[in-house]
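Structure assessment
Chain by chain, the residues:
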Amino acid sequence: MRLNEEIGCKEEEIEEEEEEEGMVAQKYSIGVGGGGGGGFPQPMKVVVVGYALTSKKTKSFLQPKLEGLARNKGILFVAIDQNRPLSDQGPFDIVLHKLTGKEWRQILEDYRRAHPEVTVLDPPDAIQHVHNRQSMLQDVADLNLCDAYGTVGVPRQLVIKKDPSSIPDAVNRAGLMLPLVAKPLVVDGSAKSHELSLAYDQYSLQILEPPLVLQEFVNHGGVLFKVYIVGEAIKVVRRFSLPDVSKRELSTNTGVFRFPRVSCAAASADDADLDPMVAELPPRPLLERLARELRRRLGLRLFNLDIIREHGTQDRFYVIDINYFPGYGKMPGYEHIFTDFLLNLVQSKYNKRSTKPVEEPLR
Ligand SMILES: O=P(O)(O)O[C@@H]1[C@@H](OP(=O)(O)O)[C@H](OP(=O)(O)O)[C@H](O)[C@H](OP(=O)(O)O)[C@H]1OP(=O)(O)O
Ligand SMILES: Nc1ncnc2c1ncn2[C@@H]1O[C@H](COP(=O)(O)OP(=O)(O)O)[C@@H](O)[C@H]1O
Ligand SMILES: [Mg+2]
Ligand SMILES: [Mg+2]
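Residues numbered from 1 in each chain as written. Chains lettered and ligands numbered in written order. Predicted model: local features only at pLDDT ≥ 70, side-chain atom pairs only at ≥ 80, totals over all residues. Heavy atoms only, no water.

The chain has the name Inositol-tetrakisphosphate 1-kinase in an unreviewed UniProt entry, where Camellia sinensis is given as its organism.

Okay, structure coming up:
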């Protein structure tokens, strides 16, 4: 007993010293190193994750607690230098990225083709699909999810490509109910692409600049659910959202109210004293099914969903937004979830490779 305690203590000391010298990665890495082993731990390969992120994203995502845990698990994050050819850097096991622009997409596509052994998270064309507020929700609409746990849909919406003077007519023809939320069609990471407007009448929408999505506003008790997805893992948090619009307000108000970056300013509602009907999280089995389907249909592994519950119902949900590689730094326990995810990725790729039948040479 005493001996164990002493050994335990020594090991901790050694670990601390090694961590300072940045050597721990060598020791704990996952089984991709090959060799017989015979039950003994072997020195194995470090998982190298190249990242190409904005400085804002690097700061919010690559926090010391993530880097430290990653190092202990044998994961090394390496910044990608955008001024040098990608193929000259690394070698990487995984490439994590969130940068915009056609040129960057092309670089990534070329790299994926030249390096099929590297997992690029996620494929550029799959990301493009959720950069448009019309196509991002199409898969949710197609899924038409309805089971014993509830229904998941999207609010009715209309796309206005040009001519703002056509809006009142288009809204009437589509039979959209007021109030309407107007959102820029394309999400490109800019502050402008998150500038939303709430319109109480369709005529005032003529002052807005297309291309736009006009979406029916759904009362949801002022709370939304952020559903973070990291591979197979799902984590849900509550956020404050836009308040309900009453019938009275709708009949007395006119015009357009602009909201610069609503969602960014929204505080966590996890510790708030909320009406239980509003606060209750969407049923886990429903979210699991939704996440599984969307992972497959969207071809993404890193994204989140903004989901609202129609106020007054228990089980009618709407997805209003999908974001690629969102602010995981705000997701509780993200460092454990993310590092496990990265290790699993490499391990399953390795397993696949090692179980692949050896091809017989042609005679
Ligand atoms: O910066 P954060 O932590 O607010 O993350 C933003 C996300 O916030 P969330 O995690 O959903 O609360 C945010 O989600 P919302 O669209 O605000 O719901 C976006 O994903 C945003 O990326 P982009 O500006 O659309 O490229 C994300 O911005 P980037 O960090 O990717 O620049
Ligand atoms: N259809 C809607 N009904 C009710 N509230 C909405 C609707 N669409 C957006 N909102 C509110 O506006 C916020 C921002 O909209 P969202 O589509 O998530 O855009 P962003 O990409 O800028 O986060 C949401 O977090 C929610 O508070
Ligand atoms: Mg949002
Ligand atoms: Mg968004």
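Moving on from the coordinates now.
Thoughts on unusual backbone geometry
Cis peptide bonds are those with omega within 30 degrees of zero, and the linkage from Leu 121 to Asp 122 qualifies with -10 degrees. Position of Asp 122 among the secondary structure elements: in the loop between strand 4 (119-121) and helix 6 (124-129). With an omega of 0 degrees, the peptide bond between Pro 210 and Pro 211 qualifies as cis. By the element assignment, Pro 211 lies in the loop between strand 9 (195-199) and strand 10 (212-216). Unlike most non-glycine residues, Asn 144 shows phi in positive territory, near 50 degrees. Secondary-structure assignment places Asn 144 in the loop between helix 7 (135-143) and strand 5 (145-147). For Asn 144, a relative accessible area of 61% corresponds to the exposed category. (Helix = DSSP H or I, 4+ residues; strand = E, 2+ residues; numbered from the N terminus. Buried < 20%, exposed > 50% of the residue type's maximum accessible area, 1.4 Å probe, protein only.)

Considering the coordination of the magnesium ion (ligand 3)
Around the magnesium ion (ligand 3), the protein supplies Asp 306 (OD) and Asp 321 (OD) as donor atoms, at distances of 2.0 to 2.2 Å. Here the magnesium ion (ligand 3) and the magnesium ion (ligand 4) are spaced 3.6 Å apart, with Asp 321 acting as a shared donor. Of this pair, Asp 306 sits in strand 14 (residues 302-309) while Asp 321 is found in strand 15 (residues 316-324), placing the two residues 15 residues apart along the sequence. Considered together, Asp 306 and Asp 321 belong to a single accessibility category, that of buried residues. (Donors = N, O, S within 2.8 Å, 3.2 Å for Na, K, Ca; no water.)

Here's the deal with the packing of aromatic side chains
All told, the structure shown has 11 aromatic pairs when counted by the stated rule. Each ring, one from Phe 61 and one from Phe 325, has its centre 5.1 Å from the other, and the planes form 85 degrees; the classification is edge-to-face. Taken together, the positions of Phe 61 in helix 3 (residues 55-61) and Phe 325 in the loop between strand 15 and helix 13 (334-355) put the pair 264 residues apart, joining distant regions of the chain. Judged by its relative accessible area of 0%, Phe 325 falls in the buried class. By the ring-pair criterion, three or more aromatic residues cluster together here, those being Phe 61, Phe 77, Tyr 228, Tyr 324, Phe 325, Tyr 328, Tyr 334, Phe 338 and Phe 341. (Phe/Tyr/Trp six-rings, centres within 6.5 Å; stacked < 30°, edge-to-face > 60°.)

Points about the nonpolar core
Of all hydrophobic cores here, the largest spans 57 residues; its most connected members are Phe 61, Phe 77, Leu 96, Leu 302, Leu 305, Ile 322 and Tyr 328. Each of domain 1 (2-30 + 42-122 + 338-351) and domain 2 (129-324) accounts for three or more of the residues forming this core. Among residues more than four places away in sequence, those in contact with Phe 77 are Val 49, Tyr 51, Phe 61, Leu 62, Leu 66, Glu 67, Ala 70, Leu 96 and Leu 342. (Core = buried A, V, L, I, M, F, W, Y, C linked by side-chain atoms within 4.5 Å. Domains from an automatic or database assignment. Contact = heavy atoms within 4.5 Å.)

A closer look at the confidence of the model for the chain
For the chain, the mean per-residue pLDDT works out to 87, and 85% of the residues sit at or above 70. Residue range residues 1-29 is modelled with pLDDT below 50. Its contacts to residues more than four positions away, or to other chains, number 26 contacts. Note on residues 31-41: pLDDT under 50 across the span, and 13 contacts to partners over four residues away in sequence or across chains. For this predicted complex, the interface score ipTM comes out at 0.96, alongside a pTM of 0.88. (pLDDT = per-residue confidence, 0-100.)

Quick word on the domain arrangement of the chain
Entries for the chain in the domain assignment read domain 1 (2-30 + 42-122 + 338-351) and domain 2 (129-324). Every contact between the two is made by 11 residues of domain 1 and, on the other side, 8 residues of domain 2. Summing both partners gives a buried area of about 820 Å² for domain 1 against domain 2, and 61% of it is carried by carbon and sulfur. Where domain 1 meets domain 2, there are 1 salt bridge. Of the charged contacts in the structure, one is a salt bridge between Asp 122 and Arg 301, with a shortest N-O distance of 3.6 Å. Scanning the region where domain 1 abuts domain 2 turns up 6 residue pairs in polar contact (both at pLDDT 80 or more). Counting residues per element, the ones that place at least two in the side of domain 1 that touches domain 2 are strand 3 (94-98), strand 4 and helix 13. (Buried area = accessible area lost by both parts, 1.4 Å probe. Salt bridge = Lys/Arg side-chain N within 4 Å of Asp/Glu carboxyl O. Polar contact = N/O pair within 3.5 Å; in protein donor to acceptor, adjacent residues only side chain to side chain.)

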